[in-house]
Amino acid sequence: DAIRVSGVPVWNHLKYDIRRRFFFATGICDSVQSSKGKILLKESVKGMLSSFFKVHKQLLFPSVAENFIMGFSRLDRIDDLYLDRFVDPVIDLTQLKESYICFEYGRVGIHHQPRKNLEHVIYTDYIYMLSFLCSYLLAFFFMCANYQAVYVLKKKIHATTSLTLSPFWLSRKIVEFKLNAAIFSLLLSRSKAKRVFGVSRILFRHVSYAAKKKKIPVFEFQHGITLGTTELYSGNYVPEIDPDYFLLFGDSCPKTVFGIPESKTIIIGWAFKDYLKGIASGTYQKDSCLVVSEPQITNQVISATLL
């Protein structure tokens, strides 16, 4: 945690990717990678073009948005409308709706429509592709300028995990992070944002880092039930990049497993449930049970559940 490369708390930024590599090397299935779908070229191009024009519009002719929201990577279809279950219901039920902008990550280039609150949504495809491509161009120069710090990082990672990571890969990941943070720093300024909200730290750590430098408070929505250590949240709290506050569903899990001090957790409830109760179609199934299974035994679990 103490290592800083060009000012970036690099372990906090890299730990999720490196832990996943470590698990894969030790034979643990990478469920996140296996769940991704195929990239559809037509959909990807449409998303990229929309992202390009909307990002530049916000930079050149900005709309004021006090609430700067980084959405989740998956949408849910309720009746014939797609929404972000963690973000959109909170917007509907609170004062966030009075002034906000929402950035959508998408899923392998796909942005489902019709999308709830689409007029406030900007796709991030262009930003991330630009940073990804430029990181390859700049990584070598960055590595030369910061070789000692990068080498120390590489050595410590190897000593801890036995993984041998190239200095170029480490440098490229850091450069990509800094580029993303720089672009979102501009967007934060142009939007005159007063607070940042995000879902899943891995998806908006660069935005959190940029916001912290501007002393803009950062809030993270809980997006699942966690009972113990995880590859995403385990480790020390790093104030210069981690959110200021963590917004909980309720008391369904410990407050100490999200890599943030317990005193900085706030219970706000589960807005998606209230949203489902309020929609006219009545599709909310209150007398229902969710069955959770490991992928390897799903067929057997389904058979037992039906029985």
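By convention here, each chain's residues receive numbers from 1 onward along its written sequence. Reporting in this predicted model follows two pLDDT cut-offs: at least 70 for local features of residues, and 80 or more for side-chain atom pairs to be given and counted; totals over whole chains, interfaces and linings ignore these cut-offs and use all residues. Calculated side-chain values reflect all of the structure's heavy atoms, with hydrogen atoms and water omitted.

## Notes on the packing of aromatic side chains
- Any two of the Phe, Tyr and Trp rings considered here, Trp counted by its six-membered ring, make a pair once their centres fall within 6.5 Å; the pair's planes then place it as stacked at under 30 degrees, edge-to-face at over 60, or tilted in between. Counting across every chain of the model gives 23 aromatic pairs.
- Note on Tyr136 and Phe168: the rings are 6.4 Å apart at their centroids and 45 degrees apart in plane angle, and the pair reads as tilted. Placement of Tyr136 in helix H5 (residues 125-145) and of Phe168 in helix H7 (residues 167-191) is noted, with a sequence separation of 32 residues between them.
- Note on classification: 1.4 Å probe, protein chains only; a residue is buried when its accessible area is under 20% of the maximum for its type, exposed when over 50%, partly exposed between these limits. Owing to a relative accessible area of 43%, Tyr136 belongs among the partly exposed residues under this scheme.
- Note on Phe168: relative accessible area 29%, which makes it partly exposed.
- Taking the centre distance of 5.3 Å and the plane angle of 55 degrees together, the rings of Phe177 and Tyr209 count as tilted. Within this pair, whereas Phe177 is found in helix H7, its partner Tyr209 is found in helix H8 (residues 201-213), the two being separated by 32 residues in sequence.
- Cluster of aromatic residues (ring-pair linked, three or more members): Phe68, Phe103, Tyr105, Tyr128 and Phe184.
- Sitting over the face of the ring of Trp169, Arg21 holds its NZ or CZ atom 4.3 Å from the ring centroid.
- Here, a charge over a ring means that NZ of Lys or CZ of Arg falls within 6 Å of the ring centre while also lying within 35 degrees of the ring normal. Just above the ring of Tyr245 sits the side chain of Lys264; from NZ or CZ to the centre is 5.4 Å. Labels follow the DSSP assignment, with helices taken as runs of H or I lasting at least four residues and strands as runs of E lasting at least two, numbered in each case from the N terminus.

## What about the sheet that holds strand S9 (residues 218-221)?
- Pairing between two strands requires that DSSP report at least two bridges joining them. Taken in spatial order, the seven strands make up an open sheet running S7-S6-S3-S8-S9-S10-S11, and their pairing is parallel. Both edges of this open sheet fall to strand S7 (121-123) and strand S11 (265-267), since each of them pairs with a single strand only. Taken over all neighbouring pairs, the strand axes of this sheet differ in orientation by 25 degrees on average, direction set aside.
- Of the strand pairs in this sheet, strand S3 (residues 67-70) and strand S8 (residues 195-199) are connected by four bridges, and their pairing is parallel. Counterpart to Met70 in the pairing with S8 is Gly198.
- Pairs of residues are marked as contacts when any of their non-hydrogen atoms sit within 4.5 Å. In this description, a line fitted to the C-alpha atoms serves as the axis of each element, helices being fitted only across the stretch in contact, and the angle between N-to-C directions of two axes falls anywhere from 0 to 180 degrees. Against the sheet, helix H3 (residues 41-60) makes contact with strand S6 (100-104) and S7, and its axis sits at roughly 120 degrees relative to S7, the strand it touches most.

## So, the side chain of Ser208
- Within the secondary structure layout, Ser208 lies in helix H8.
- When its relative accessible area of 1% is taken as the criterion, Ser208 is described as buried.
- Not counting the four nearest positions on each side in its chain, Ser208 is found in contact with Val218, Ile241, Asp242 and Pro243.

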